[in-house]
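Chains, contacts and geometry: an overview
Residues per chain are reported as follows:
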Amino acid sequence: MARNEEKAQSMLNRFIALKAEEKKKPKERRPYLASECRDLSEADKWRQQIMREIGRKVAEIQNEGLGEHRLRDLNDEINKLIREKSHWERRIVELGGPNYARHAAKMTDLEGNIVDVPNPSGRGPGYRYFGAAKKLPGVRELFEKPPELRKRRTRYDIYKRIDASYYGYRDDEDGVLERVEGPAEAKMRAEAVEEWKRMEEIRLEAKKAVKSGEVVNVKEVLFEEEEDVVEEERSREREREEKERKEKEREFVVHVPLPDEKEIERMIVEKKKMELLSKYASEELLVEQTEAKEMLNIQR
């Protein structure tokens, strides 16, 4: 029995394959310019063809073992196809079709964060990096964000944030100060009301006393509080005097005899004399003088 290769080379099989090729339509090539296409369905078909080519190349560029040169070539081919796809998308919009560029995919860095596409010229979709091409030397630095430099604030920026809240004019708006000062305010208000009532009673008693002629009692009522204040001041004065007296009693007492003025003068003269002798006399002369004084029993 013949092998499969021999069967394929037989005259009948080659004739059948040739007839099948003749029945097929000639393979269409994608137009070089998108503006040459006049049919919306044809333009959409060529866009889908470009998308499939981009998908195959993106899957291939994920392999890091292809080498730097092959990765760069694949990345260039993908960017070329993306530019061609953008031309067909604009042509589709011109023919009345949907705007596919509105939902285009964003470029991401190695961590998956969306980054801006480098586009120095400002035209077209820009140059993108895919797969292992993002890890090539010189490309990784494009995705690294520079450290943020903290700008020093100027005096204008500092004073621009200062408002009424900075000076405490809006402390009552948050309600905290009201809760803290509420009890103290109520206490002070009660004391003020009580003092007013007491003064009113004194005033009424004074009026009654004036009408009845009891002037002495009126004076006693009016100056009762003043006498209490004076008595309190006197007690404080006595306490202060007692404290000063105790401080004086605790004065420091010297238990060492102190020299009088004559003794101090004699010591100063003796010190100056010794300084002059040490300056103008030699040590041998001083020793001889000391021995002579001891022999003569001279104390000075």
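Keep in mind the model is a prediction, meaning the values are calculated, not measured. (Residues numbered from 1 in each chain as written. Predicted model: local features only at pLDDT ≥ 70, side-chain atom pairs only at ≥ 80, totals over all residues. Heavy atoms only, no water.)

1. Describing the overall build of the protein
Formally: We count a stretch as a helix when DSSP gives it H or I for four or more residues in a row; a strand needs E for two or more, and each element gets its number in order from the N terminus. For every residue, the accessible area obtained with a 1.4 Å probe (protein chains only) is divided by the maximum for its type, and the residue is called buried under 20%, exposed over 50%, and partly exposed between those limits. Contact definition: two residues touch when any of their heavy atoms are within 4.5 Å.
Per the secondary structure count, the protein includes eleven helices and two strands. Counted from the first residue to the last, the protein has its helices and strands arranged as α-α-α-α-β-β-α-α-α-α-α-α-α. Taken across its 300 residues, the protein has 15% of its residues classed as buried. Within the protein, counting contacts between residues at least 6 apart in sequence, those at least 24 apart form 54% of the total.

2. Quick notes on helix α4 (residues 68–94)
Rule in force here: Multiplying 1.5 Å by the helix residue count minus one yields the expected span of that helix.
Across its 27 residues, α4 extends 39 Å between first and last C-alpha, which sits within 8% of the 39 Å expected from 1.5 Å per residue. Where α4 ends, the next residue or the one after it, Gly 96, has phi of about 95 degrees, a positive value.

3. Digging into the pattern of salt bridges
Short version of the rule: Criterion for a salt bridge: a side-chain nitrogen of Lys or Arg within 4 Å of a carboxyl oxygen of Asp or Glu.
In the structure shown here, the tally under the stated rule is 16 salt bridges. Across the pair Arg 70 and Glu 60 runs a salt bridge whose closest N-O atoms are separated by 3.2 Å. Taken together, the residues Arg 70 in helix α4 and Glu 60 in helix α3 (residues 40–61) connect sequence positions ten residues apart. Look at Glu 60 and you get partly exposed, because its relative accessible area is 33%. Put simply, Glu 185 and Arg 189 hold a salt bridge, and the shortest N to O gap is 3.0 Å.

4. Let's talk about the nonpolar core
Across soluble globular proteins, nonpolar side chains show a tendency to be buried alongside one another. The cut-off we apply is this: What makes a nonpolar core is a set of buried Ala, Val, Leu, Ile, Met, Phe, Trp, Tyr and Cys residues whose side-chain atoms join them at distances within 4.5 Å.
Ranked by internal contacts, the top residues of the largest apolar core, which has 20 residues, are Ile 54, Ile 61, Ile 78 and Trp 88. If you list the elements that add at least two residues to this core, you get α3 and α4. The element contributing the most residues to this core is α4, with seven residues. Excluding anything up to four places from it in sequence, Trp 88 contacts Arg 30, Pro 31, Leu 33, Ala 34, Cys 37, Ala 43, Trp 46, Arg 47 and Ile 50.

5. Description of the side chain of Asn 75
Relative to the helices and strands, Asn 75 resides in helix α4. Judged by relative accessible area, Asn 75 falls into the buried class, the value being 1%. In this structure Asn 75 touches Ile 61, Tyr 127, Arg 128, Tyr 129, Phe 130 and Ala 133, once residues within four positions along its chain are discounted.

6. A few points about the packing of α3 against α4
Rule in force here: To define axes, lines are fitted to C-alpha atoms, for helices over the stretch in contact only, and angles between the resulting N-to-C directions are given on a 0 to 180 degree scale. Roughly parallel covers angles under 35 degrees, roughly antiparallel covers those over 145, roughly perpendicular covers 65 to 115, and oblique covers all other angles. Here a crossing is taken to be left-handed if its near helix is turned anticlockwise relative to the far helix by less than a right angle, and right-handed if that turn runs clockwise. In this classification, the charged set is Asp, Glu, Lys and Arg, the nonpolar set is Ala, Val, Leu, Ile, Met, Phe, Trp, Tyr, Cys and Pro, and all remaining amino acids, among them Gly, are polar.
Their axes nearest at 9 Å, the elements α3 and α4 cross at an angle of 160 degrees. One finds that α3 runs roughly antiparallel with respect to α4. Where α3 crosses over α4, the two elements pack in a sense that is left-handed. Counted by class, the contact of α3 with α4 contains 15 nonpolar, one polar and ten charged residues.

7. Description of a negative patch on the surface
How we decide: What goes into a patch is any residue over 30% in relative accessible area without a salt bridge, connected to like charges within 9 Å or, for nonpolar side chains (Val, Leu, Ile, Met, Phe, Trp, Tyr), within 5 Å. Residue exposure ignores everything except the shown protein chains as possible cover, and the areas themselves are Shrake-Rupley values with a 1.4 Å probe. Charge counting treats Lys and Arg as positive and Asp and Glu as negative, with His and both chain ends excluded. By convention, charge coordinates are those of NZ in Lys, CZ in Arg, CG in Asp, or CD in Glu.
Together, Asp 171, Asp 172, Glu 173, Asp 174, Glu 178 and Glu 181 give the surface a local cluster of negative charge. The residue Asp 171 is located in the loop between α6 (155–160) and α7 (176–212) in this model.

8. Looking at the confidence of the model for the protein
This is how the line gets drawn: What pLDDT expresses is the predictor's confidence in each residue, scored from 0 to 100.
Per-residue pLDDT for the protein has a mean of 77; in total, 76% of the residues score no lower than 70. Averaged pLDDT values for the elements of the protein fall to 47 in helix α8 (residues 215–222) and rise to 90 in α4. In this model residues 215–219 is a low-confidence stretch, pLDDT under 50, and it forms three contacts with partners more than four residues away in sequence or in other chains.

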